[in-house]
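# Structural overview for review
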Amino acid sequence: MTKLPKDFLWGGSIAAHQCEGAWQEDGKGPAIMDYATSGSYEVPRQFTMTIEKDKSYPSHEAIDFYHTYKEDIALFAKMGFKALRISIDWSRIYPRGDEEQPNQLGIEHYRQVILELIKHGIEPIVTLYHFEMPVTLVREYQTWLNPQVIEFYLKYVKTVVEAYKGLVKYWVTFNEMNHIDPQSEASDIFTYIIAGIKYSEIEGNKKEVLAKIGYNMTLAGVKATKLIRDIDKNNQVGCVFGITPVYPKDCHPDNVMKAFKAMDRDFYQIDAMCNGCFPKYKLKEYEDYQIHIEVTPEDEIAFKEGTLDFIGMNYYSTEVAKSDNDESETLWGGSQNPYLQQSKWGWAIDPVGLRYLLNYTYRKYGLPIMVTENGIGAVDEMVEGKIHDEYRIDYLKAHLSELKKAVIEDHVECFGYLMWGPIDLVSATTGEMKKRYGFIYVDKNDDGSGDLKRYTKDSYDWYQNIIQTQGEDL
Ligand code: BGP
């Protein structure tokens with residue numbers, strides 16, 4: 001067999017705050033990413049308390065997908081997409097997060113987007129939280145530290161899942177909450193995009209704050225999973241994790257152990273959501289730091305009843321467990337791998353890492369996996385209206401070939417591949433447009449210039465053929 005199965009979900013993934021714009025339209029409230037400025041590889045994004053006139057906030061206009069979704073979805077359909085992962089911006093449904101009644105205009109907008117996808121035979125895969133928290137919940141309610149926020153989240157989830165009952169089957173409770181891990185030093189960017197707070201400004205015991213946020217979000221995730229299935233038993237619920245496998249520096253047993261431990265960062269929450277209980281090893285580890293997490297009998301039931309139907313996997317890169325004298329550093333805090341090349345943004349390119357991760361995760365949990373993000377951020381140059389992005393084709397081809405081996409040779413149950421950023425959009429970590437992922441180029445630059453016009457790149461035709469031949473040409 002050289003083809004991937006007929007019903008394999010080929011497609012792409014996007015997120016509201018990175019593409020929609022229209023940040024004050026149809027009753028949307030301000031969300032945490034609306035206060036994130038643009039940055040670059042060298043200059044980190046800033047997170048401001050007010051909208052400052054001399055700064056630029058890329059989510060405000062983004063690529064204007066809020067208004068262009070029909071044309072953009074038509075372009076995805078022409079490529080042959082079977083699935084598109086979108087996110088719903090919580091602040092369009094409950095602008096402050098704590099209202100009694102939802103904003104009908106927000107509900108109606110996403111209904112139209114979902115119907116448009118269905119019209120083109122594209123399966124909508126809906127993420128309920130992709131860094132889009134109403135800012136009020138951070139500033140007035142202490143973000144995920146406050147159990148009340150779990151209740152607000154569940155109310156929002158109920159509203160949305162009931163509204164689109166029968167239209168959406170695949171739901172994702174959270175995107176990449178795993179980047180908050182008390183075990184390691186976090187960076188401002190990750191604590192901000194996930195929970196709206198800057199790591200450097202956390203007062204008191206930082207580890208304790210991260211542990212509590214991580215626990216409460218995990219609890220919210222399992223409660224939401226049960227809720228979504230209770231609303232419609234045909235619903236399939238997953239959670240998306242951003243997983244960066246960690247390799248040992250060499251075969252010295254101490255280094256192997258170090259790498260094994262470092263993998264906990266990305267896996268302890270998957271354990272919690274798949275094994276029916278919050279992992280005891282994590283609770284004990286917290287105790288070692290004098291952090292106590294109270295798991296109530298009610299929580300225990302929630303973990304039992306809220307196990308996942310599938311695992312969503314965002315894969316970009318691998319890293320090496322940090323050793324004391326290694327200066328090189330990755331975004332996730334490990335060291336660079338000398339055997340691998342890196343993207344312009346320092347992300348190691350490791351196609352085999354995807355096969356390794358698919359096997360590792362499938363053998364650990366036995367659940368179906370969807371690759372919910374994978375791609376390369378690169379600088380594209382337009383020459384006479386064309387973009388020859390062979391580097392993107394090389395990256396995707398190499399990764400898809402390894403995915404194919406995992407499915408066909410290793411028998412991993414992977415039922416979809418959603419390329420990240422099928423249309424150029426705002427980078428989450430840097431806030432740039434320059435870091436482009438798409439098959440479709442958007443004429444928009446970091447200085448705000450550009451007419452937002454769309455152009456297909458060489459990779460657009462390439463992916464169209466891969467989908468058409470079910471991966472036979474890889
Ligand atoms: C993932 C996020 C996405 C996306 C992607 C690429 O972590 O889920 O939102 O942005 O990374 O990252 P970046 O945009 O920073 O290149």
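In this report, we go over the structure that sits alongside the text. (Residues numbered from 1 in each chain as written. Predicted model: local features only at pLDDT ≥ 70, side-chain atom pairs only at ≥ 80, totals over all residues. Heavy atoms only, no water.)

## A word on the overall build of the protein
- A tally of helices and strands in the protein yields 15 helices and twelve strands.
- In summary, the protein has a C-alpha radius of gyration of 21 Å against a globular reference of 23 Å for 474 residues, a match within 12%.
- Split into buried and exposed, the 474 residues of the protein put 62% on the buried side.
- Across the protein, contacts joining residues at least 24 apart in sequence account for 74% of those joining residues at least 6 apart.
- For the protein, the accessible area works out to roughly 18800 Å², and carbon and sulfur atoms hold 51% of it. (Helix = DSSP H or I, 4+ residues; strand = E, 2+ residues; numbered from the N terminus. Rg over C-alpha atoms; globule rule 2.2 N^0.38 Å. Buried < 20%, exposed > 50% of the residue type's maximum accessible area, 1.4 Å probe, protein only. Contact = heavy atoms within 4.5 Å. Areas by Shrake-Rupley, 256 points an atom, 1.4 Å probe, with all protein chains shown as cover.)

## Some details on the packing of aromatic side chains
- Taken as a whole, this structure holds 32 aromatic pairs when the rule is applied.
- Measuring from centroid to centroid gives 6.2 Å for W90 and W144, while their planes differ by 50°, and the two rings are tilted. Here the residue W90 occupies a position in helix α3 (residues 90-93), and W144 occupies one in the loop between α5 (135-139) and α6 (147-163), the gap between them amounting to 54 residues. Across the pair, W144 and W90 agree in class, each one buried.
- An aromatic cluster is built from F8, W10, F76, F81, F439, W462 and Y463, whose rings are joined through pairwise contacts.
- In this structure, R139 is placed above the aromatic ring of Y35, and the distance from its NZ or CZ to the ring centre is 4.5 Å. (Phe/Tyr/Trp six-rings, centres within 6.5 Å; stacked < 30°, edge-to-face > 60°. Lys NZ or Arg CZ within 6 Å of the ring centre and 35° of its normal.)

## Some details on helix α13 (residues 351-365)
- Given a rise of 1.5 Å per residue, 15 residues ought to cover 21 Å, and the 22 Å separating the end C-alpha atoms of α13 matches this to within 8%.
- Residues of α13 that are buried: P351, G353, L354, L357, L358, N359, T361, Y362 and Y365.
- G366, located one to two residues past α13, shows a positive phi value of around 65°. (Expected span 1.5 Å × (residues − 1).)

## A short note on the site of the ligand
- Taken together, 15 residues lie near the ligand, and E176, A428, T429, K435 and Y437 sit nearest.
- Between an oxygen atom of the ligand and a side-chain N or O atom of H130, the distance comes to 2.8 Å.
- Bound to the protein, the ligand loses 96% of the 380 Å² it would expose on its own.
- In the shell around the ligand, the residues fall into six nonpolar, six polar and three charged. (Near = heavy atom within 4 Å. Polar contact = N/O pair within 3.5 Å; in protein donor to acceptor, adjacent residues only side chain to side chain. Nonpolar A, V, L, I, M, F, W, Y, C, P; charged D, E, K, R; others polar.)

## Some details on the packing of helix α8 (residues 206-231) against helix α10 (residues 264-274)
- Here α8 crosses α10 at 35°, and the two axes come no closer than 10 Å. When the axes of α8 and α10 are compared, the crossing they make is right-handed. When α8 is examined against α10, the residues G214, T218, G221 and V222 are found in contact with a partner set consisting of Y268, Q269, A272 and M273.
- Residues of the contact of α8 with α10, tallied by class, amount to four nonpolar, four polar and no charged. (Axes fitted to C-alpha atoms, helices over the stretch in contact; angles between N-to-C directions. Left-handed = near helix turned anticlockwise from the far one by under 90°.)

## Comments concerning the pattern of salt bridges
- Tallying each qualifying case throughout the model produces 29 salt bridges.
- A salt bridge links E285 to K282, with the shortest nitrogen-to-oxygen separation between them at 3.4 Å. One end of the pair is E285 and the other is K282, both in helix α11 (residues 280-288) and three residues apart, which spans about a single turn. Like K282, E285 is buried.
- D380 is the partner of K457 in a salt bridge, and the nearest nitrogen-oxygen pair spans 2.5 Å. (Salt bridge = Lys/Arg side-chain N within 4 Å of Asp/Glu carboxyl O.)

## A closer look at α10
- A large share of α10 lies buried, amounting to eleven of its eleven residues.
- Taken as a whole, α10 has its buried residues at D264, R265, D266, F267, Y268, Q269, I270, D271, A272, M273 and C274.
- Backbone geometry just downstream of α10 places G276 in the positive-phi region, at approximately 80°.

## Quick notes on the environment of R355
- Structurally, the position occupied by R355 is in helix α13.
- Owing to a relative accessible area of 21%, R355 belongs among the partly exposed residues under this scheme.
- For the pair R355 and Q236, spaced 119 residues apart in the sequence, the C-alpha separation amounts to 24 Å.
- Setting aside residues no more than four positions away along its own chain, R355 makes contact with E402, K405, A406, E409 and D410.

## Here we look at unusual backbone geometry
- Unusually for a residue other than glycine, A22 sits at a positive phi of about 45°.
- Locating A22 in the fold gives a position in the loop between α1 (16-19) and α2 (65-79).

## Some details on the sheet that holds strand β10 (residues 414-420)
- The strand order β1-β2-β3-β4-β5-β7-β9-β10 describes a closed barrel built from eight strands, whose pairing is parallel. Shown here is a sheet whose adjacent strand axes are inclined to one another by a mean of 25°, direction ignored.
- Here four bridges tie strand β4 (residues 170-175) to strand β5 (residues 236-242), and the two strands are oriented parallel to one another. Following the sheet pairing, N175 is matched in β5 by V240.
- Packing of helix α14 (residues 390-408) onto the sheet brings it into contact with β1 (9-13), β9 (369-373) and β10, and relative to β10 it is tilted by some 170°. (Pairing = 2+ DSSP bridges.)

## Notes on the side chain of N337
- Within the secondary structure, N337 is located in the loop between β8 (319-320) and α13.
- A distance of 2.9 Å separates a polar atom in the side chain of N337 from the backbone nitrogen of Y339.
- Apart from the residues within four sequence positions on either side, N337 is in contact with Y247 and V320.

## Things to note about the nonpolar core
- Counting 147 residues, the largest nonpolar core has W144, Y153 and Y463 as the members making the most contacts within it.
- Tallying contributions element by element places α8 first for this core, with 13 residues.
- With near-sequence residues (within four places) excluded, Y153 lies in contact with W90, L128, Y129, W144, T173, F174, A220 and A224.
- With nine residues, the next largest nonpolar core counts A83, I125, F310 and M370 among its residues. (Core = buried A, V, L, I, M, F, W, Y, C linked by side-chain atoms within 4.5 Å.)

Read these as layout, nothing more, since geometry by itself doesn't imply function.
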